[in-house]
Amino acid sequence: MTASIPPRWVLRHPRRLLIALHVPLAAQAPVYTSLGADGSPPTGPLPAILLAAVILALQLRHSLADARGERPAGWRWSLTAVLLLTYAPVWALGLNWVSISTLTMASTLMLLRGLPRLVAAAAQLSVFAALQLVATLPTPGFSVWQIVILELYAVIVPTLFAVALAGGARLVRLVDELETARTELAATAVGAERIRVSRDLHDLLGQSLSAISLKGDLALRLLAKDSAAAHAEIESLTGVARDALHGVRAITRDEHTVSLRAEIDGAAALLGAAGVDTRLDVADLPPLPAPAQNALAWAVREGTTNLLRHSEAGSCTLTLSQQGGRVRLEIVNDGVRGETGHGSQRGSGLAGVAERAEAASGSFEAGARDGRFRLSVEVPAQGG
């Protein structure tokens, strides 16, 4: 047999199940007293029903508070009331009424702490066992072993029921905590997905829009003197736009992949079209793990976009090398603006480069020095 999954309503409304667990335990005392289950004369059901309803209400107040991980206001008074309503009416309703002490013991377990809880629970079990003994001894024909068995029953069964009620309240609390954790995890996942989509769109569209703008300007300049070349640039521009649209759709489905070689070739072509003297020093590398190739490819794309949007570079060097089991990418340009260059070319997309490098167990550096801006990413050549 296979374990069945709890119904959804149980997970969504665990307190209903907790309340349902209390009702039959509260109903047994009025039933026993009205029927005279222990051989004593039956009593009218109305007083027992009213008293059981009051005890049930107080016990539910305790249980629902315990399910929230707290004790209700004035719990000492309500616990005292439960104890009095449980043991004082025994002389009027008969020994059958003491079966309601299951709820009372549950209140003791929920409300008291440490040694007082143990002492109170032991005292209640002693009273229950003593009353059971009083009810059993006058009965003729009972052997010693039968009396012992009844006494054990009088101790074990109420304890099990009381522990079940206390455990039910704790279970409700755990279900609430689980639901809260699931909600927080879902919110975290949604936030992470939004960050991923935002980062990938920024990195994808940054270079694509820069290329579209660059090719559009070039086409306008060529239109008057070389219509064929202008037409070619316009066709290339529409191709870039189609690729960008395809990339956006892939990003929203988390299916977008990048190729390091394709990004290097694309960066060289785009920088050449922008009039930047580009030198590639790309060693032949073994196949890289997907996280490493992804981090380096996005770094090439963002480094190119960063150069076009935030610098006045005339030359650029892109170096890719391997040493000591790690692959290092460096993009250096001479387009630092201002006298010191401090903080220039640090577009927001560099944060995405740093995140991807960290995800690939790599490192990231970017900064200006001596009139040059250097972007460096280093990742392991082999997967971890």
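Residues numbered from 1 in each chain as written. Predicted model: local features only at pLDDT ≥ 70, side-chain atom pairs only at ≥ 80, totals over all residues. Heavy atoms only, no water.

1. Focus: the packing of helix α2 (residues 14-35) against helix α3 (residues 45-67)
Each packed pair of helices is defined by two parameters, the angle between the axes and the distance between the axes. So the rule is basically this: Angles here are taken between N-to-C directions and fall from 0 to 180 degrees, while the axes themselves are lines fitted to C-alpha atoms, restricted in helices to the stretch in contact. The helix and strand labels rest on DSSP assignments: H or I over at least four residues marks a helix, E over at least two residues marks a strand, and numbering proceeds from the N terminus. Here the word oblique covers every angle except those under 35 degrees (roughly parallel), over 145 (roughly antiparallel) and from 65 to 115 (roughly perpendicular). Crossings are assigned a handedness: left-handed for a near helix turned anticlockwise from the far helix by less than a right angle, right-handed for a clockwise turn. Two residues form a contact once any of their heavy atoms are found within 4.5 Å. In the scheme used here, Gly and all other residues not listed as nonpolar or charged are polar, with Ala, Val, Leu, Ile, Met, Phe, Trp, Tyr, Cys and Pro taken as nonpolar and Asp, Glu, Lys and Arg as charged.
At a closest axis distance of 9 Å, the pairing of α2 and α3 adopts a crossing angle of 155°. On the basis of the axis angle, α2 is roughly antiparallel to α3. Pair α2 / α3 crosses with right-handed handedness. On α3, the residues that touch R15, L18, I19, H22, A26, P30, T33 and S34 of α2 are P45, A48, I49, A52, L56, Q59, L60, S63, L64 and A67. Broken down by class, the residue content of the contact of α2 with α3 amounts to 12 nonpolar, five polar and one charged.

2. Remarks on the pattern of salt bridges
Any two side chains of opposite charge can pair, so long as their charged atoms come close to each other. Quick reminder of the rule: Here a salt bridge means any side-chain nitrogen of Lys or Arg lying within 4 Å of a carboxyl oxygen belonging to Asp or Glu.
All chains considered together, the criterion is met by 10 salt bridges. Measuring nitrogen to oxygen at the nearest pair gives 2.6 Å for the salt bridge that ties R15 to D176. With a gap of 161 residues between them, R15 in helix α2 and D176 in helix α8 (residues 144-223) connect regions that are remote in the sequence. One salt bridge connects E378 with R328, and the closest N-O pair in it is separated by 2.7 Å. With E378 in strand β5 (residues 372-380) and R328 in strand β3 (residues 326-333), the pair connects residues that are 50 residues apart, well separated along the chain. Put simply, R326, R328, E330, E365, R374 and E378 are held in one network by salt bridges that share partners.

3. With respect to the side chain of S101
As a reminder of what qualifies: Each residue's exposure class comes from its accessible area (1.4 Å probe, protein chains only) as a fraction of the maximum for that residue type: buried when under 20%, exposed when over 50%, partly exposed otherwise.
Relative to the helices and strands, S101 resides in helix α6 (residues 101-111). Residue S101 is classed as buried on the basis of its relative accessible area of 2%.

4. Describing the sheet that holds β3
Filter applied, for reference: DSSP bridges decide pairing: two strands pair if at least two such bridges lie between them.
A sheet is described by the order of its strands in space; here five strands give the open sequence β1-β2-β3-β5-β4, paired in mixed fashion. Among the strands making up the open sheet, the edge pair consists of β1 (277-282) and β4 (363-369). Put simply, the sheet's adjacent strands are angled 10° from each other on average, direction ignored. As paired elements, strand β2 (residues 315-323) and β3 share eight bridges and run antiparallel to each other. Residue pairing across strands places Q323 opposite R326, the latter belonging to β3. Lying on the sheet, helix α11 (residues 290-310) is in contact with β2, β3 and β5; it crosses β5 at an angle near 170°.

5. Considering the nonpolar core
Operational definition: For our purposes a nonpolar core is just a set of buried Ala, Val, Leu, Ile, Met, Phe, Trp, Tyr and Cys residues, chained together by side-chain atoms within 4.5 Å.
Grouped together as the largest cluster of nonpolar side chains are 35 residues, with contacts concentrated most on L260, L296, L329, V377 and V379. Of all elements in the fold, only α8, α10 (260-273), α11, β2, β3, α12 (349-359) and β5 reach the threshold of two or more residues within this core. With eight residues, the single largest contributor to this core is α11. Sequence-distant contacts of L329, that is, excluding residues within four places in its chain, are made with L296, A299, V300, L318, T319, L320, L375, S376 and V377. One finds A48, A52, V82 and V98 within the second-largest nonpolar core, a separate group that totals 31 residues.

6. Considering the UniProt feature "transmembrane region" (unreviewed entry) in the protein chain
Quick note on the threshold: UniProt positions are given in the numbering used here, feature names are shortened, and annotations may be inferred rather than shown by experiment.
If you check UniProt for "transmembrane region" (unreviewed entry), the listed places come out as residues 46-65, 77-98, 118-137 and 144-166 in our numbering. Here residues 46-65 runs as 100% helix and 0% strand, with 29 Å between its end C-alpha atoms. Helix makes up 100% of residues 144-166 and strand 0%. Its end C-alpha atoms lie 33 Å apart.

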